[in-house]
Structure formats: C-alpha cells, structure tokens
Amino acid sequence: MNTVIQSINLSKKYGSTEVLRGIDLTIISGELTAIMGPSGSGKSTLMNVLSTIDQFTGGDVWLEGKSLLEFKKSSLRQFRQERMGFIFQDYNLLDTLTVKENILLPLSLRKVKATEMEQRLLPISQALNIEGILHKYPNEISGGQKQRAASARAMITNPAIVFADEPTGALDSRSATQLLEQLVGLNESFGTTIMMVTHDSYAASYCKRVIFLRDGAIVNEIYAGDQTQKAFYDRIMEIQSLIGGKLR
C-alpha cells in the first residue's frame, strides 16, 4: 500500500507553547483513521498541519513521497486543491448554489468538462443517497443531507486523502449514524483515505484505526482488526478513561 502522508518528529509551537511534540505518523492509502484526545491535546492542530492549512515548527511532513519542505507555495496550494478534500462541521455550503452546484464547484473551478463532472457526480451522489436532492438549495435540506453534500464535494476530486473535522458534531444521532455508514461505504467502495478528528467514541468506532493524543504527543493507537464495532467502541472508551481529561 502507498503512503499518503507521513510525519517525522513533527512539532508545532505557538510562541513558547508547544502544541505538537515529536509526532511520528504514517497514513496509508485506503485507511479510515480517527484522531482523538482531550481538549487541548493538539488533535485539530495536527490535522491542520498535515493538511497544509497550518505550518509546522520542526520535523517534516511528506505528502505522497515528497517533503513539504520541497514545495513552493504555489505548488502546495495546487496540491491541496487537487489532492485533498475537506469536510467541516459547519458544512461550508454556498446558499446561492444548488446541492449539485456546490458539489461540482471544485471541478468547475478547475474547468473540468461537463460530461466528466456528471460521470463523477452520479456514483458519489448514489453512494451518499443524495441524488434526490441535487436540485435543492442548502436551506431546503436537513443537516444530515448538508453534511452528505459536503462529503460529496470533498470526494468529487478523487483526492488522495479527505480530512474530516468533527463531521458528526452538528448532527443528531440518526443523521450521524447515516453519515458514518456512508463514509465507511465510500472508504470501502472507492478506497478513499479518510482522517477524522472527533471527540465522539461512537464515530471513532466506525474507523479502522484510532490514534490518541495527549499534551501534543501520541500516547496510544489501536486497530479494529476483526473486532465487532461494539468491542472496538468499548476498547476506545477504556483508553479514553485511562488517558483522562474532557474530550470537548
């Protein structure tokens, strides 16, 4: 399997405060990974650094075999647009565009042909069960549907990795479960690599791997393997209790 992202002795400081400390992490193509930890553990900072939204202070990050230190700003921006997808808690849909137009926006900006856009849209909209709302506007659909539309937009470019920042945070339990099941389906059907930052053990239990941070360092990681989801959830809860601290 190919390595999508790798961090080596990664550190991040804000002034004199060290937020990330010596992070060694490898994300393999096709992985579905959750990043968890108490409030202030550095999980959001780690995602921002790995996704090139924020800069690191020390160490290095490799993207598909190339060091970030070798990227020029323009090529890094292009890499982020073409090889990364983002799912945010607040959806970030444009109210003046239909669901379909929102999903296709990244391809429209890259001037992809209309026929190719339609070819990409169909399987993703079917997998996320939103083909019936493509003509609607964001204010006409539910929160769960908005998040699925945002997920489709993140996937439409066939990115190397999708970063999901608390994707279920604004959803009710039913909508959250539906979204998680569909993200798992996309991961399994399309081989999409997904890294999810979450405080929610239930959401993390849908992942194949969970990495735990505390005080800016990785303190544990576990794999689902052949465990049932319930057993994996129980294991996640057990480690959270050992790590301690509030997760919000």
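Look a little higher up for the structure.
Scoring rules and cut-offs
- Residues numbered from 1 in each chain as written.
- Predicted model: local features only at pLDDT ≥ 70, side-chain atom pairs only at ≥ 80, totals over all residues.
- Heavy atoms only, no water.
- Helix = DSSP H or I, 4+ residues; strand = E, 2+ residues; numbered from the N terminus.
- Buried < 20%, exposed > 50% of the residue type's maximum accessible area, 1.4 Å probe, protein only.
- Contact = heavy atoms within 4.5 Å.
- Pairing = 2+ DSSP bridges.
- Axes fitted to C-alpha atoms, helices over the stretch in contact; angles between N-to-C directions.
- Salt bridge = Lys/Arg side-chain N within 4 Å of Asp/Glu carboxyl O.

**Things to note about the environment of Ile156**
Moving on, step 1. Relative to the helices and strands, Ile156 is located in the loop between α5 (143-155) and β7 (161-165).
Moving on, step 2. A residue is classified by how much of its surface remains accessible, and Ile156, at 0% relative accessible area, is buried.
Moving on, step 3. Residues in contact with Ile156, not counting those within four places in the same chain, are Ile103, Leu104, Pro106, Leu107, Arg120, Leu121 and Ile124.

**Here we look at the sheet that holds strand β6 (residues 84-87)**
Moving on, step 1. Strand order in the open sheet formed by six strands is β6-β7-β8-β3-β9-β10, and the pairing between neighbours is mixed. Every other strand in the sheet has two partners, leaving β6 and β10 (217-223) as the edge strands with one partner each. Strand-to-strand, the axes of this sheet are offset by a mean angle of 20 degrees, without reference to chain direction.
Moving on, step 2. By the bridge criterion, four bridges tie β7 to strand β8 (residues 194-197) in an arrangement that is parallel. Its bridge partner lying in β8, Val162 is registered against Ile194.
Moving on, step 3. Against the sheet, helix α6 (residues 173-190) engages β3 (32-36), β6 and β8, with an angle of about 155 degrees to β8.

**Some thoughts on the pattern of salt bridges**
Moving on, step 1. Applying the stated criterion across every chain yields a total of eight salt bridges.
Moving on, step 2. In this structure, Glu31 engages Arg209 in a salt bridge whose closest nitrogen and oxygen atoms are separated by 3.0 Å. Pair noted here: Glu31 is in the loop between β2 (17-28) and β3 and Arg209 is in strand β9 (residues 209-214), with a separation of 178 residues, a long-range link.
Moving on, step 3. What makes Glu31 buried here is its relative accessible area of 15%.

**Notes on the sheet that holds strand β1 (residues 3-14)**
Moving on, step 1. Read across the sheet, four strands follow the order β2-β1-β4-β5 without closing on themselves; strand pairing throughout is antiparallel. Lying at the two open borders of the sheet, with one neighbouring strand each, are β2 and β5 (66-67).
Moving on, step 2. Relative to β5, strand β4 (residues 58-63) runs antiparallel, the two being bridged by two bridges. Of the residues in β5, the one forming a bridge with Leu63 is Lys66.

**A closer look at the environment of Ala176**
Moving on, step 1. Looking at the element boundaries, Ala176 is found in helix α6.
Moving on, step 2. Taking the relative accessible area as the measure of exposure, Ala176 reaches 7% and is therefore buried.
Moving on, step 3. Note: C-alpha distance between Ala176 and Ala203 (27 residues apart in sequence) is 8.0 Å.
Moving on, step 4. For Ala176, the contacting residues outside a window of four places in its chain are Thr168 and Leu171.

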